[in-house]
Amino acid sequence: MAGYYEQSFFLSAPPAAFGDGLYGTANPALAGMIGSGTSFIWSSDGTDAASIQDWGVFSNFGGLSASYARLNRGALNVNAYHIGVSGGTRSASFGLAYQGFSGDATALGRYNRLVTGTVLRPSRYLSVGAIGNVGLETDDWEVVGEIGVRPFGTSRLTLFADAAVTDGEAVRDAPWSAGGALEIVDGVQVFARFFENESQTVGLRIDLGRTGVESSSGIDTNGDYTGQVSRVRVGEFQPSALYRAAASERQRIDLELTGPLPYRKSRLATFFGEGPPRYYEVLRTIRQAAESGTVRVITLNLSGVQLGTAKAWELRRALRTASDRGITVITYLENAGMTDYFLASAADVVVQDPRGTVMLPGYALSRTYLDGTLDKLGLEFDEWRFFEYKSAAETLSRTGFSEADSTQRAEYLEDVYATVVRGIATDRELSRDSLNALVDEKTILTALEAQTAGLVDSLGRWHDRDEFVDDLLDRGTRTVDRDDLDEVATATRAWSEPDKIAVVYGIGPTSMESGIEARTLHESIRKLKDRGDVAAVVFRVDSPGGDGMASDLVAQALKEVAAEKPVVVSQGQVAGSGGYWISAYADSILATPTTVTGSIGVIGGWLYADGWSEKTGQTYDVVQEGERADLFTGYQLPLIGTQIPARPLQEEERERVEDLFESFYSEFVALVAEGRDTTEAHIREVGEGRIYSGLDGQQIGLVDEIGGMLDAIDLARRAADVTATRVEIIEVNPASGFWNVGRFLPGPLRLLFQGSEEEEHLPPADAFIRTVLRHQPAPVVMIPPGLYPVK
């Protein structure tokens, strides 16, 4: 059976140490560690470098390796086939392959064989591999050991060696090779390999991104040239200074932002790539473009975007960073509202459709009250409100704002308006007085008026952007896909698994099966505690709260993880009440200036029938064992399947409820005090259900820093002492369900089928009513409807 060195003469170096190792043909385990691709390799006969003597095609696709090679030895010809499978990580992989031969195989020692392989990369400094070749038609066997060392922990310098021991051969007599590879710049490497018989090869490898070339020359013991091996590669992107130089400031990223930019998508939508990108994908793309050195322009179509002020603030922050690094940011608008324009104004150039309008009415928080509606339906709501600012149940019990609710909303709105006006005025170089005048006096501006006022730079349409950008820059650009940009940004030659920052989402009401999906979410979080490859956790919270049990289940899981590794919470548009509960145990809490946070308190009530039968004709009867058993029975509402109790609570029952609520509140206060490392007295002082903006939350100690999701990721990375070049961001739960059938049903029936993706955007009043009905008479931890999101 032909030995390892004779069989793998196409190799530049030991497969575990350098290059792609023939995509798993030499060591099948390597296919599980490297990207997919195909190489065409050929050798010359030693006298004419342009001739082809032997040749082969070597491929790997997701750990499945295959190759075909044609060997020519004078009058003898051999066809070599390989098929292999492997699996593992960048730190450890195992592979198994079959290699078969036809033609004049036996004359050249080519016998069908089984090949096993292992590659271990425990750190960025070391790679070791082992190959086992077992003849299927002979009793021959062979074991190959290989090692690679990177003294600096990067591909700048790689030293390598290997040796092959065959059946009946002493280890001291085993053939071996040793050498090294020096990377001059990213993607340009020179290498040399010396064999125990004193022959050698020297070569040059050049990667050009998704393609690459390589050539090596053989030199015999007398120093004479013996042949050439050449290679052309096509496949996944490899880091390349030549690619960056060729593409420098010539690329453009186009982002079409439509809808609310969800944090999560259904699994079906994710599989088929439906719809606009998710929110983190947009943030990631903007950051990668800013850091690429190749992207010159970012254009954003904001015509269909529907964002709250928190997401808009974070996107602005990312765009301003890109602009500060020399990237030209261009935003396109059709009809823009206050928040849409707030986002657009961060751009270097704002373009609006000539028939569009800019509406700058300021901000208002309104609330719909259902007390009169319930009365007409024959329903009554007994509000259980024991804390001054916990006003969520006012929707069902009042006809207008209470003084406490009006006060907290006004103070929050003041910060929102100030943040937006300050941002627009600064980026558009307008005085705040002139901007306030546009809000109060003009309110609605045509595109031409907006241009005259300095809000818009040019009039145009998205489909004409190619010509507009070329004229603006006085040079052409090439559009790159965001997925391609991500592949370029994450390409690496590093050994071993990088440290990971896990991003986890807690989105929507705090419910067990819907919303944040607490039953599943807490398990996902707890698993991160024992994952050695996860260095830190970022928990993105955008939740108005809801069920206290669901909130506590997730909070306790986060507490367990925080005991082992850094945990940073990033609060989105709202993280109040139960949304704050699930945030409390983080090492650090970040919020945007316009985040709704706090609302530490509990609320509840009792919705019951009071004239329902007379108004609807529906009747009810019950038999019971237990004095209060009838409390949890009542009228079954048609269509939506909700049960309404038939009677109010008696005085002693209500007194019991008040005791339970005070106990629940005390537990909430104690939990927050423990998580924030402060006193319960302080939390009671800032509690009572009061909401705060992110700015005010920072002032009273409920928020540590003002920042967004990317800031939270950076903070978590630094807290875990992980370098920016050795980190991978993984999203733990970016998919929310297989398929949301509720979107195809009429309104009342839709309530029965809404999944977490749709519940993320459920109207606040609907979410509150649903939560109260599900949990009465238990207390709920939820902020007042109408506070999120601010459009």
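Everything below is about the structure shown above.
Attention here is on the structure that accompanies the text.

Rules of the game
Residues numbered from 1 in each chain as written. Predicted model: local features only at pLDDT ≥ 70, side-chain atom pairs only at ≥ 80, totals over all residues. Heavy atoms only, no water. Buried < 20%, exposed > 50% of the residue type's maximum accessible area, 1.4 Å probe, protein only. Helix = DSSP H or I, 4+ residues; strand = E, 2+ residues; numbered from the N terminus. Pairing = 2+ DSSP bridges. Patch = residues over 30% accessible without salt bridge, like charges linked within 9 Å, V, L, I, M, F, W, Y side chains within 5 Å. Areas by Shrake-Rupley, 256 points an atom, 1.4 Å probe, with all protein chains shown as cover. Salt bridge = Lys/Arg side-chain N within 4 Å of Asp/Glu carboxyl O. 1 Å grid on protein atoms, 1.4 Å probe; cavity = no way out; pocket = protein on both sides within 12 Å on 5 of 7 lines; lining within 4 Å. Points joined across faces, edges and corners; volume = space filled by probe spheres on them. Nonpolar A, V, L, I, M, F, W, Y, C, P; charged D, E, K, R; others polar. Lys, Arg positive; Asp, Glu negative; His and termini not counted. Charge placed at Lys NZ, Arg CZ, Asp CG, Glu CD. Expected span 1.5 Å × (residues − 1). Axes fitted to C-alpha atoms, helices over the stretch in contact; angles between N-to-C directions. Parallel < 35°, antiparallel > 145°, perpendicular 65-115°, else oblique. Left-handed = near helix turned anticlockwise from the far one by under 90°. Contact = heavy atoms within 4.5 Å. Core = buried A, V, L, I, M, F, W, Y, C linked by side-chain atoms within 4.5 Å. Arc of directions from axis to C-beta.

**Notes on the pairing of strand E11 (residues 188-195)**
Part 1: Counting buried positions over the eight residues of E11 gives six, a clear majority of the element.
Part 2: Bridge count for strand E10 (residues 176-185) against E11 is eight bridges, and the pairing is antiparallel. Pairing of Gly180 across the sheet is with Ala192, part of E11.
Part 3: Taking the residues that link successive antiparallel strands as the turn, the E10-E11 hairpin has two residues, and the phi of Gly187 there is positive, at about 90 degrees.

**Some points on a nonpolar patch on the surface**
Part 1: Together, Leu64, Ile83, Val85, Phe94, Leu96, Tyr98, Leu114, Val134, Leu136, Trp141 and Val143 make up a nonpolar patch on the protein surface, roughly 970 Å² of accessible area in all.
Part 2: Within the residue set of the nonpolar patch, elements represented by two or more residues are strand E4 (76-88), strand E5 (92-103) and strand E8 (141-149).
Part 3: When residues of the nonpolar patch are assigned to their parent elements, the largest contribution, three residues, is made by E5.
Part 4: By the element assignment, Leu64 lies in strand E3 (residues 64-73).

**Thoughts on empty space enclosed by the protein**
Part 1: In the structure shown here, the tally under the stated rule is two cavities of 30 Å³ or more.
Part 2: Elements with a contribution of two residues or more to the lining of the largest cavity: helix H1 (4-7), E3, E4, E5, strand E6 (113-123) and strand E7 (126-135).
Part 3: Each residue belonging to the lining of the largest cavity can be placed in one class, and the counts come to 14 nonpolar, seven polar and two charged.
Part 4: The volume enclosed by the second largest cavity comes to roughly 110 Å³.
Part 5: Around the second largest cavity, the lining is made up of 14 residues, and of these Phe10, Ser12, Asp20, Glu214 and Arg231 lie nearest the centre.

**Quick look at a negative patch on the surface**
Part 1: Side chains of Asp464, Glu467, Asp471 and Asp474 sit close together on the surface and give a patch of like negative charge.
Part 2: Mapping Asp474 onto the fold places it in the loop between helix H12 (465-473) and strand E23 (478-479).

**Quick word on helix H5 (residues 309-324)**
Part 1: Its 16 residues give H5 an end-to-end C-alpha distance of 22 Å, which sits within 8% of 22 Å, the value for a rise of 1.5 Å per residue.
Part 2: Most of H5 is tucked away: 12 of the 16 residues are buried.
Part 3: The complete set of buried residues in H5 reads Thr309, Ala310, Lys311, Ala312, Trp313, Glu314, Leu315, Arg316, Ala318, Leu319, Ala322 and Ser323.
Part 4: One or two residues past the end of H5 sits Gly326, with phi positive at roughly 95 degrees.

**Description of the packing of helix H4 (residues 279-292) against helix H13 (residues 482-490)**
Part 1: Closest axis-to-axis distance for the H4/H13 pair is 10 Å, and the angle between their directions is 60 degrees. Relative to H13, the element H4 lies oblique. For the pair H4 and H13, the crossing hand works out as left-handed. When H4 is examined against H13, the residues Glu281, Arg284, Thr285, Gln288, Ala289 and Ser292 are found in contact with a partner set consisting of Arg482, Leu485, Asp486, Ala489 and Thr490.
Part 2: A per-class count over the contact of H4 with H13 returns three nonpolar, four polar and four charged.

**Focus on the pattern of salt bridges**
Part 1: Following the criterion strictly, the structure yields 55 salt bridges and no others.
Part 2: With its nearest N and O atoms 2.9 Å apart, the salt bridge here joins Arg647 to Asp630. Here Arg647, found in the loop between strand E32 (643-645) and helix H18 (651-676), pairs with Asp630, found in the loop between helix H17 (612-616) and strand E31 (634-636); they are 17 residues apart in sequence, far enough to count as distant.
Part 3: Exposure remark for Arg647: the relative accessible area of 15% places this residue in the buried category.
Part 4: Overall, Asp630 belongs to the buried group, its relative accessible area being 15%.

**What to know about the side chain of Lys390**
Part 1: On the secondary structure map, Lys390 appears in the loop between strand E20 (379-384) and helix H8 (394-397).
Part 2: In this structure Lys390 is buried but unpaired, with Asp405 as the nearest side chain of opposite charge at 10 Å.

**Quick word on the nonpolar core**
Part 1: By size, the foremost hydrophobic cluster in this structure holds 74 residues, and its most contacted members are Ile286, Ile298, Leu315 and Leu455.
Part 2: Contact partners of Leu455, with chain neighbours within four places excluded, come to Tyr341, Val350, Val358, Leu360, Arg428, Leu430, Leu435, Leu438, Leu445 and Ala450.
Part 3: Within the second largest apolar cluster, 53 residues are counted, among which are Ala502, Ile516, Ala518 and Leu671.

**Some points on the environment of Gly100**
Part 1: Among the secondary structure elements, Gly100 is positioned in strand E5.
Part 2: Residue classification places Gly100 among the buried residues on the basis of a relative accessible area of 4%.
Part 3: Here the alpha-carbon distance between Gly100 and Ala80, two residues 20 residues apart in the chain, equals 5.9 Å.
Part 4: In this structure Gly100 touches Asn79, Ala80, Tyr81 and Asn112, once residues within four positions along its chain are discounted.

**Here we look at the packing of H5 against helix H9 (residues 403-428)**
Part 1: Interaxial distance between H5 and H9 falls to 12 Å at its minimum, and their mutual angle equals 25 degrees. Compared by their axis directions, H5 and H9 come out roughly parallel. Crossing of H5 against H9: the hand is left-handed. Facing H5, whose interface residues are Thr309, Trp313, Arg316 and Arg320, H9 presents Val416, Thr419, Val420, Gly423 and Asp427.
Part 2: Classifying every residue of the contact of H5 with H9 by side-chain character gives three nonpolar, three polar and three charged.

**Remarks on helix H14 (residues 518-529)**
Part 1: An ideal rise of 1.5 Å per residue puts 16 Å on 12 residues; H14 measures up with 17 Å between its terminal C-alpha atoms.
Part 2: Listed in full, the buried residues belonging to H14 are Ala518, Leu521, His522, Ser524, Ile525 and Leu528. Looking straight down H14, one finds its buried side chains confined to an arc of 160 degrees; they lie on one side. Turned more than 90 degrees from where H14 packs its buried face, Thr520 and Lys527 sit exposed.
Part 3: Those residues of H14 that are buried lie in contact with strand E24 (499-507), strand E25 (534-543) and helix H15 (548-562).

**Quick look at the environment of Leu590**
Part 1: Secondary-structure assignment places Leu590 in strand E28 (residues 588-591).
Part 2: On the basis of relative accessible area, Leu590 is assigned to the buried category, the value being 1%.
Part 3: A sequence separation of 118 residues divides Leu590 from Gly708, and the C-alpha atoms of the two residues are 6.7 Å apart.
Part 4: If we skip the residues at most four places from it in the chain, Leu590 touches Val568, Val569, Ser570, Gln571, Val703, Glu705, Gly707, Gly708, Asp711, Ala712 and Leu715.

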